[in-house]
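# Topology and contacts: notes
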Amino acid sequence: LDSTATNSKAISRGPKLLSYPSLATQSSPPQSVPFQQPTPLISFSYTPEHILQFDESSLKYYHPPPPNAQLGYGYERWIRRPEERSRIDSLLEAVDRVTDPEGTGKDGRQRKLDLGDVGVVAWRGVVTRILTAPYEDRDRFDMNVMLVNGTLYLEEHRTEAQLKEKNNLKPQQRKMMYHGYAFESYCTTDTPSASSLKQPAISQSRRDPPGWGGDVNTNEQWCSVVRTKLGNTKIIIGGEVDCVQGQYKGTTDTFVELKTSMSIRGVADEIKFEKKLLKFYFQSFLLGVPKIVVGFRTPSGELMTTQSLQTIQLPRMVREKAASRGPSDANNIWNPSLCLAWCYNFLTYLRKSIREPEDDPTKKEDKSLSAEEANIEHPTLATSAAVWRVTFVPHEGA
Ligand code: A3P
Ligand code: MG
Ligand code: MG
């Protein structure tokens, strides 16, 4: 474990990178590490102007999309939030509201979670990246790791090159990306409705196609922050929830994740899709999202079919599909228990390897980034955290 600090001293020593865990060295069967059903702690919205608000104003409700919807519709009106470093600050604001840093646990009115008991705080995307690392053979992954009062704070760190790439997508890639958001618009409404008829989202002079839920603005998001436990480690995870089916009752059972994927035309496509399901699975699993609605589309963005998947059934579904294609397909099966066990061991390793600055001030000088260098603005983290840069790289030849 080392940091790739931007100061010259660190660079001259050369960053030490971690390779993704190798499937070859995993014990079989993997140790069993239980994952507790997530419980929501708090939710918040990003408004169309991307202002953080502790309310449900950006919550959307599921509505089945119309057949053959055109996912390219409204592309030129897409309000696209620039890609930036997804900092942990707004998650921490939410955590501040539900935890008691002193650990007294009593404020007379509402019992708060004792932050001292929490092992890890992170966005869902980071935890998904760690969990799926045993099967990652392509993309490098960098994260900032901070340890404050016994709690690990994990934050994805996109490199300059990654940010540049995301902000300069080729028109074709940009369009593909838009299809996913257009599918969300076709699948959602702003208000829960018992009626099977979807009310037009906005009154406008323009005639939108049936089922269109309003123009895409990627500033807008609704996020749920949940508490859960991996083995004996309490974890707080925040993530975007695409919509709820029916009402939001403060529980995860009505959460729905929306996804698009290319229509499956043969075995090769099927195998590719099953591989993708690993990410769909953990992304949803971590927030307790029980249902994933997948829209299958043509390359030009016509919605062909929609399939509803039960998150917890995905591992078995993939196992059975692969088995039905014969023993040669065993390599395409992913094992979520292996991922959970690896993640647990990795978090334990991080905790052992990282020391808080007050324990060992020389280590802070030598190996970690300052909060300033890592652009950490959150008041607690900025004053007390040393930031460790952890980088995973694919195996050579992978
Ligand atoms: P699809 O998932 O339908 O492809 P999410 O599924 O996580 O709710 O994200 C919604 C959409 O954001 C995605 O739609 C995709 O268009 C875009 N998106 C999310 N993560 C992305 C990534 N890592 N790279 C490119 N696009 C991404
Ligand atoms: Mg989403
Ligand atoms: Mg989605």
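Above this text sits the structure in question.
Small disclaimer: the values here were computed from a predicted structure and weren't measured.

### What to know about the environment of A323
- Mapping A323 onto the fold places it in helix α7 (residues 314–324).
- Residue classification places A323 among the exposed positions, given a relative accessible area of 54%.
- Put simply, A323 and I333 are ten residues apart on the chain and 8.8 Å apart in space, counted from C-alpha to C-alpha.

### Quick look at the side chain of R158
- Tracing the chain through its elements places R158 in the loop between β9 (151–156) and α4 (160–167).
- A polar side-chain atom of R158 sits 2.7 Å from a polar atom in the side chain of E83.
- What R158 contacts, discounting residues up to four positions off in sequence, is E83, E84, R85, L163 and K166.

### Describing the sheet that holds strand β11 (residues 221–230)
- An order of β1-β17-β8-β9-β7-β12-β11-β2-β3 is seen for the nine strands of this open sheet, with the pairing classed as mixed. The open sheet terminates on both sides in strands that have one partner only, identified here as β1 (18–19) and β3 (52–53).
- Bridge count for strand β7 (residues 118–123) against β9 is three bridges, and the pairing is parallel. Opposite V121, over in β9, you have Y153 as the bridge partner.
- Across the sheet, helix α2 (residues 89–98) lies against β2 (39–46), β3, β7, β9, β11 and β12 (233–240), angled at about 130° from β2, the strand it touches most.

### Concerning unusual backbone geometry
- Phi at H50 is positive, roughly 65°, even though this residue is not glycine.
- Within the secondary structure, H50 is located in the loop between β2 and β3.
- Overall, the relative accessible area of 19% leaves H50 in the buried class.
- A positive phi angle, near 60°, is found at N68, a position not held by glycine.
- Among the structural elements, N68 can be located in the loop between β4 (61–62) and α2.
- Accessibility expressed as a relative area gives 39% for N68, which makes it partly exposed.

### Quick look at the pairing of strand β8 (residues 141–148)
- With eight of eight residues buried, β8 is to be regarded as a mostly interior element.
- Taking every second residue as pointing to the same face, both faces of β8 are buried, with F141, M143, V145 and L147 on one and D142, N144, M146 and V148 on the other.
- Where β8 lies against β9, six bridges are found, and the strand directions are antiparallel. From the neighbouring strand, V148 faces β9, where its bridge partner is T151.

### Concerning the coordination of the magnesium ion (ligand 2)
- Here the magnesium ion (ligand 2) is held by E240 (OE) and D242 (OD), and the distances to it run 2.1 to 2.7 Å.
- A distance of 3.5 Å spans the gap from the magnesium ion (ligand 2) to the magnesium ion (ligand 3), which D242 bridges by coordinating each metal.
- D242 gets classed as buried once you look at its relative accessible area, which sits at 9%.

### What about the nonpolar core?
- Counting residues in hydrophobic clusters, the biggest one holds 85 residues, and the most contacted among them are M143, L154 and L350.
- With ten residues, helix α8 (residues 336–353) is the single largest residue contributor to this core.
- Residues in contact with M143, not counting those within four places in the same chain, are V126, I130, L154, E155, E156, H157, F346, L350, W388, R389 and V390.
- Core analysis: the next-biggest nonpolar cluster, separate from the first, contains 17 residues, A69, Y178, V216 and C243 among them.

### Here's the deal with the environment of L147
- Looking at the element boundaries, L147 is found in strand β8.
- Residues L147 and V387 lie 240 residues apart in sequence; the distance between their C-alpha atoms is 8.0 Å.

### So, the site of ligand 1
- Within the structure, ligand 1 sits among K166, M177, G180, Y181, E184, D242, E257, L258, K259, T260 and Q283.
- Residue L258 places a main-chain N or O atom 3.5 Å away from an oxygen atom belonging to ligand 1.
- Here T260 contributes a backbone N or O atom positioned 2.6 Å from an oxygen atom of ligand 1.
- Within the complex, the protein chains bury 64% of what would otherwise be the 530 Å² of accessible surface of ligand 1.
- For the shell around ligand 1, a count of residues per class yields three nonpolar, three polar and five charged.

### Some thoughts on the pairing of β2
- Most of β2 is tucked away, with six of its eight residues classed as buried.
- Across seven bridges, the pairing between β2 and β11 is antiparallel. By the bridge assignment, P40 is partnered in β11 with V226.
- Bridge count for β2 against β3 is two bridges, and the pairing is antiparallel. Bridged to Y46 within β3 is L52.
- With antiparallel pairing between neighbouring strands as the criterion, β2 and β3 make up a hairpin whose turn holds five residues, including H50 at a positive phi of roughly 65°.

### A short note on the coordination of the magnesium ion (ligand 3)
- Distances from the magnesium ion (ligand 3) to its protein donors, namely D242 (OD), E257 (OE) and L258 (O), fall within the range 2.1 to 2.2 Å.
- Within one chain, the residues donating to the magnesium ion (ligand 3) are spaced in sequence as D-x14-E-L.

### As for α2
- The element α2 is extensively covered by neighbouring structure, given that seven of its ten residues are classed as buried.
- Looking at α2, one finds that the buried residues are D89, S90, L91, L92, A94, V95 and V98.

Cut-offs applied
- Residues numbered from 1 in each chain as written.
- Chains lettered and ligands numbered in written order.
- Predicted model: local features only at pLDDT ≥ 70, side-chain atom pairs only at ≥ 80, totals over all residues.
- Heavy atoms only, no water.
- Helix = DSSP H or I, 4+ residues; strand = E, 2+ residues; numbered from the N terminus.
- Buried < 20%, exposed > 50% of the residue type's maximum accessible area, 1.4 Å probe, protein only.
- Polar contact = N/O pair within 3.5 Å; in protein donor to acceptor, adjacent residues only side chain to side chain.
- Contact = heavy atoms within 4.5 Å.
- Pairing = 2+ DSSP bridges.
- Axes fitted to C-alpha atoms, helices over the stretch in contact; angles between N-to-C directions.
- Donors = N, O, S within 2.8 Å, 3.2 Å for Na, K, Ca; no water.
- Core = buried A, V, L, I, M, F, W, Y, C linked by side-chain atoms within 4.5 Å.
- Near = heavy atom within 4 Å.
- Areas by Shrake-Rupley, 256 points an atom, 1.4 Å probe, with all protein chains shown as cover.
- Nonpolar A, V, L, I, M, F, W, Y, C, P; charged D, E, K, R; others polar.

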